[in-house]
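So the chains spell out like this:
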Number of protein chains: 2
Amino acid sequence: MSKGLGIPKGTRDFSPKEMVRRNYIFDTIKRVFQTYGYMPIETPSMENMETLTGKYGDEGDRLIFKVLNSGDFLAKADQTALAEKDSLKVTKSISEKALRYDLTVPFARYVVQHQNDITFPFKRYQIQPVWRADRPQRGRYREFYQCDADVVGSDALIHEVELIQIFDKVLTQLNIPSFTIKLNNRKVLSGIAEVIGQPEQLINITVAIDKLDKIGKEKVLEELTERGVRADAIEKLSPLFDLSGTNEHKLSILKSFLADSEVGMKGMEELEYVLNYIHLVGLESAELELDVTLARGLNYYTGAIFEVKANNVSIGSICGGGRYDDLTGIFGLKDVSGVGISFGADRIYDVLEELNLFPEIENQTTQILFLNFGEKEEQFVFKIASQLRNKGVNVEVYPDAAKLKKQMKYADNKNIPTTVIVGSEELANNTLSVKNMKTGEQEKVSVEQYIARF
Amino acid sequence: MSKGLGIPKGTRDFSPKEMVRRNYIFDTIKRVFQTYGYMPIETPSMENMETLTGKYGDEGDRLIFKVLNSGDFLAKADQTALAEKDSLKVTKSISEKALRYDLTVPFARYVVQHQNDITFPFKRYQIQPVWRADRPQRGRYREFYQCDADVVGSDALIHEVELIQIFDKVLTQLNIPSFTIKLNNRKVLSGIAEVIGQPEQLINITVAIDKLDKIGKEKVLEELTERGVRADAIEKLSPLFDLSGTNEHKLSILKSFLADSEVGMKGMEELEYVLNYIHLVGLESAELELDVTLARGLNYYTGAIFEVKANNVSIGSICGGGRYDDLTGIFGLKDVSGVGISFGADRIYDVLEELNLFPEIENQTTQILFLNFGEKEEQFVFKIASQLRNKGVNVEVYPDAAKLKKQMKYADNKNIPTTVIVGSEELANNTLSVKNMKTGEQEKVSVEQYIARF
């Protein structure tokens, strides 16, 4: 192979087969988003550097891909920094643009920039690639699609309910046999920290109890001590670890636990609203589980917190989300509450592959291959192929009169379910020999009859 | 507005309205590609620098967006070049990756890299953004989508025929009222240069006659002289400028003109094959015009050359394409002939907008808004909304009991065609008041009847 072949590490080519499967996932998600009034937007791949820096922490800043200024960039570079070989400082002077790191910050920028043209509440979805200069590893890429739906400009809880329905609908339509939507609320976590007398330890407490699933109760208690949570507070916290049973049962225990915390009771009220509405209509196949140990993205979320896990597979979380009260504040627009979710398309792909759940997707691939036996036959089948295409059927004519074996191999490799043979006999009788490539069955039909089938 | 707002020049945000229209164009193109057996692939946004450099000429190299290496890039930089402030040289040592400049080179790289997994002839389409550090101006962007279909690994002319059909089908389905597909062949151009006795002047001749449309015959003759074409050669060329009438008429004149040129007659044969096949099935609405002055991308094309123009609009060429005999040679895989076309999605968008041809696209936007008059009513309509969504209808419930005027304004702004009112009366009678937002008509229906309509 010649020099330069290959692609940057952490990036991927997608073959036709993979594309059809990825589109199946994206199309399912889009269709469901749309039934809830979410509408697509797209933002540029490159944002101004100032838009992105400082939004993801120092580690995030480091992982942002920077685009080099065009032209004689060194002439305008920070000469002192250059002399000092300070790469970080030089970057600022030779790179004005960067590739987006997620869809959330560009969305916030979009909302603030276009606030006068937007009708609020603004329900948008966005499915585009993002880039991170992370160390690539299994399931982690430097370029990957995010798939987000958010509504901003409304603090109504009906959105939380609908987003849970969206999780349920999408994953049901994708035939994932068993999955759990976990639900929590930041206000409940705040209430817990308050009730045990250590509101200032909220982050340490949630970081520790978030690990309950993985490391068990004993280790979590140890970690709480290490993190400086007082013994009497841990003692008070203890009953929450054994919270089990139905959501109703958990709610009743939490209610008495949180009775003295205003913020905690507000959280309870929000949880109850959501659970009540879901109860009104039911879910198709999701299990909805109240989980007070769920804390993902805590710094960010202010109300509901969601996470979806596919059960019985090695891949864990496949979706997440939550409510945030100040998305656009970073760009100077205050008091815009929002709630959003994100589908992990790559992980969903892996789940569907692991469980062998991808359907045959025939409407996007070739349905019929007309074999080619020479000039006269080619002209004959070309006309028929054109008529079928006019009816929306996906048809190919093998482009030259190659050996039959080669043509059949082409059909096999492309997984084309039907081949049509026209030799001199068919030509004379205006018929087609139609072969079902799966069963091997072959039939003779008149041209008119065959076309009329579609 | 806060600092950092706005997006890099030459890039765009796409609003929901624009996205729906862009998707309408892309979906139409995809559907037609698929009926001809073209399948989607995607390649990474970033390619290794060596994959891209040297493929687009010096000017192209300059316009490629380079991605800065992560980490302490200055430590590994070319120190001599750095000391000399040679930006061009330094770039090579601090930037290993670049944003793709078109879809053609990444496609060639894909074919060579995956040659053992690909079934040839390989028909692929690819719709992805590309980036160019060009000076932005009206209709020219630094990030824009390309929309390409190519078949490689076959020199059969039936592909040319099918690609012309694809132009015709796509633009017909987009309701473009009048457009012309121009067809030429590189071999005919070579033949002409041969016949007039100046084969070495092929490029100069075609560059000059390509301008016939814009500057007229006299100026083209002047330019030919300036470019060093001999007077006797120009004299011989002269009758071709007046080539008019039907394609058949042009063919017959060209045939006698090119009679002594082998390559010219090969070109004629190819043109005749294509025109014959198109004649067999006809075109839906395109005019197909043989145009010997068409020369776009001549350095590149080796057979057929296509260009599509929308008539009666200021925007010129909206599609192009042609056959190339050595796409993958640059990556070490010889003798892979291919032919491909490209749709200019941004230009097609502008044509549809200029001629007011975008349809109402209702299946992607909200069809019904349930107004919200309080808690009881909300729960009532939420259940109905859920049932309608299960039937695939796009439905929103206004998220809180805001003033009626505000809710109606939301429906107006989002162009939602139907609103449903449920107040205490409707609640008591299990009915809905359904309002057609265009006519203003309002009707009362039972819930069951209304749901049954969908």
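In this text the structure is predicted, and so the values were computed from the model without any measurement.

*Asks:* Report on the overall build of chain A, specifying residues and quantitative values.
*Replies:* If you tally the helices and strands in chain A, you get 18 helices and 16 strands. Burial statistics for chain A: of 454 residues in total, 60% are counted as buried. At a minimum sequence separation of 6, the contacts of chain A that also span at least 24 residues come to 68%. Between the mean site of the 57 positive side-chain charges and the mean site of the 66 negative ones, chain A shows a separation of 6 Å.

*Asks:* Can you lay out the sheet that holds strand β13 (residues 395-397) of chain B for me, pointing to particular residues and giving the numbers?
*Replies:* All names here are of chain B. Ordered by their spatial adjacency, 5 strands build an open sheet running β13-β12-β14-β15-β16, and the pairing between neighbours is mixed. Each edge of the open sheet is held by one strand with a lone partner, namely β13 and β16 (442-446). On average, each strand axis in the sheet is inclined to that of its neighbour by 25°, with strand direction left out of account.

*Asks:* How would you summarise helix α12 (residues 247-257) of chain A if you had to cite specific residues and measurements?
*Replies:* Residues and elements named next belong to chain A. For α12, the full list of buried residues reads Asn 247, Lys 250, Leu 251, Leu 254 and Phe 257. Burial along α12 is one-sided: seen end-on, the buried residues are contained in an arc of 125°. For α12, the exposed residues lying more than 90 degrees away from the buried face are Glu 248 and Ser 256. The elements touched by buried residues of α12 are α8 (186-195), α11 (231-237), α13 (262-281) and β8 (287-290).

*Asks:* Can you tell me about the UniProt feature "binding site: L-histidine" (unreviewed entry) in chain A, naming the residues and giving the values?
*Replies:* Residue and element names in this part refer to chain A. Per the UniProt annotation, the sites labelled "binding site: L-histidine" (unreviewed entry) are Asp 102, Leu 103, Thr 104, Arg 132, Gln 146, Asp 150, Arg 296, Tyr 300 and Tyr 301. Excluding its chain neighbours within four sequence positions, the residues that come into contact with Arg 132 are Leu 63, Phe 65, Tyr 101, Asp 102, Tyr 141, Arg 142, Phe 144 and Gln 146. For Arg 132, the side chain forms a polar contact with the main-chain oxygen of Tyr 101, separated by 3.0 Å. Structurally, the position occupied by Gln 146 is in strand β6 (residues 143-152). Not counting chain neighbours up to four residues away, the residues in contact with Gln 146 comprise Asp 102, Leu 103, Gln 126, Ile 127, Gln 128, Val 130 and Arg 132.

Conventions used here
Residues numbered from 1 in each chain as written. Chains lettered and ligands numbered in written order. Predicted model: local features only at pLDDT ≥ 70, side-chain atom pairs only at ≥ 80, totals over all residues. Heavy atoms only, no water. Helix = DSSP H or I, 4+ residues; strand = E, 2+ residues; numbered from the N terminus. Buried < 20%, exposed > 50% of the residue type's maximum accessible area, 1.4 Å probe, protein only. Contact = heavy atoms within 4.5 Å. Lys, Arg positive; Asp, Glu negative; His and termini not counted. Charge placed at Lys NZ, Arg CZ, Asp CG, Glu CD. Pairing = 2+ DSSP bridges. Axes fitted to C-alpha atoms, helices over the stretch in contact; angles between N-to-C directions. Arc of directions from axis to C-beta. UniProt positions renumbered as here; feature names shortened; annotations may be inferred. Polar contact = N/O pair within 3.5 Å; in protein donor to acceptor, adjacent residues only side chain to side chain.

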